[in-house]
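Structural characterization, general
Listed below are the residues making up each chain.
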Amino acid sequence: MRINLPRWLISIAILWLAACTSIQDERDKFVSGYVMVHEMFWFADHDRPYPFTTSGEISCVYYPDFGVEVYFEPAGYSKDSSIGTPLNKAAAESLKQAGLTPNVPYSIKKGADLSEAREVGLKACREEMHRDT
């Protein structure tokens, strides 16, 4: 009985790769998204007053350790070196543990209700998660 060694080795290698390849777990998935916001257009989709002093971007990021983090960054500050204003507990806790503080102008109106702004950010991440599946 003659064994065709090269085919045998290839078969074992393929089985080994298939068995050892990790499947990405949903909890390890990185997701981010954003929504541009402006006071003039806010009332078209929202019931509560526009909570920010300027136009900008509500962004979200999902990290398995903290959940969905929601931030606001004024227009012109959305770049890699900027750290937005946290809009939810997950974002505030993430910044605290990383020893970071927001470095964009604070642009939340005094006494503003941020519930709809947070929901905009959470929705942006949910939509991105469903887009990838």
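Residues numbered from 1 in each chain as written. Predicted model: local features only at pLDDT ≥ 70, side-chain atom pairs only at ≥ 80, totals over all residues. Heavy atoms only, no water.

Glancing now at the sheet that holds strand S3 (residues 67-74). Across the sheet, 4 strands lie side by side as S1-S2-S3-S4; this open sheet has antiparallel pairing. Looking at the sheet topology across the chains shown, the edges are occupied by strand S1 (31-37) and strand S4 (85-86). The sheet contact formed by S1 and strand S2 (residues 56-63) spans 7 bridges and is antiparallel. Bridging from a neighbouring strand, Gly-33 pairs with Cys-60 of S2. (Pairing = 2+ DSSP bridges. Helix = DSSP H or I, 4+ residues; strand = E, 2+ residues; numbered from the N terminus.)

This part takes up the side chain of Ser-59. Structurally, the position occupied by Ser-59 is in strand S2. Apart from the residues lying within four places of it in its own chain, the contact partners of Ser-59 are Gly-33, Tyr-34, Glu-69, Val-70, Tyr-71 and Glu-73. (Contact = heavy atoms within 4.5 Å.)

A word on the pattern of salt bridges. Counting across every chain of the model gives 4 salt bridges. With its nearest N and O atoms 3.0 Å apart, the salt bridge here joins Lys-109 to Glu-39. Taken together, the residues span a long stretch of sequence, with Lys-109 in the loop between helix H3 (89-98) and helix H4 (115-132) and Glu-39 in helix H2 (residues 39-42) at a distance of 70 residues. Look at Lys-109 and you get partly exposed, because its relative accessible area is 29%. (Salt bridge = Lys/Arg side-chain N within 4 Å of Asp/Glu carboxyl O. Buried < 20%, exposed > 50% of the residue type's maximum accessible area, 1.4 Å probe, protein only.)

Now for the state of the cysteines. Scanning the entire structure with this criterion turns up 1 disulfide. What pairs with Cys-60 in a disulfide is Cys-125, and their sulfur atoms sit 2.2 Å apart. Negative torsions about the S-S bond denote left-handed disulfides, and the value of about 105° found for Cys-60 with Cys-125 makes this one right-handed. Placement of Cys-60 in strand S2 and of Cys-125 in helix H4 is noted, with a sequence separation of 65 residues between them. Judged by its relative accessible area of 0%, Cys-125 falls in the buried class. (Disulfide = S-S within 2.5 Å.)

In this section: the nonpolar core. Val-37, Trp-42, Phe-52, Ile-58 and Leu-87 are the most contacted members of the largest nonpolar core, which totals 18 residues. Breaking this core down by element, the ones donating at least two residues are S1, S2, S3 and H4. With 4 residues, H4 is the largest single contributor of residues to this core. (Core = buried A, V, L, I, M, F, W, Y, C linked by side-chain atoms within 4.5 Å.)

Moving on, we come to the confidence of the model for the chain. Scored by pLDDT, the chain comes out at a mean of 80, with 74% of its residues at no less than 70. Averaged pLDDT values for the elements of the chain fall to 44 in helix H1 (residues 5-20) and rise to 95 in H2. Scored below 50 in pLDDT, residues 4-24 shows 2 contacts in the model against residues more than four places distant or in partner chains. (pLDDT = per-residue confidence, 0-100.)

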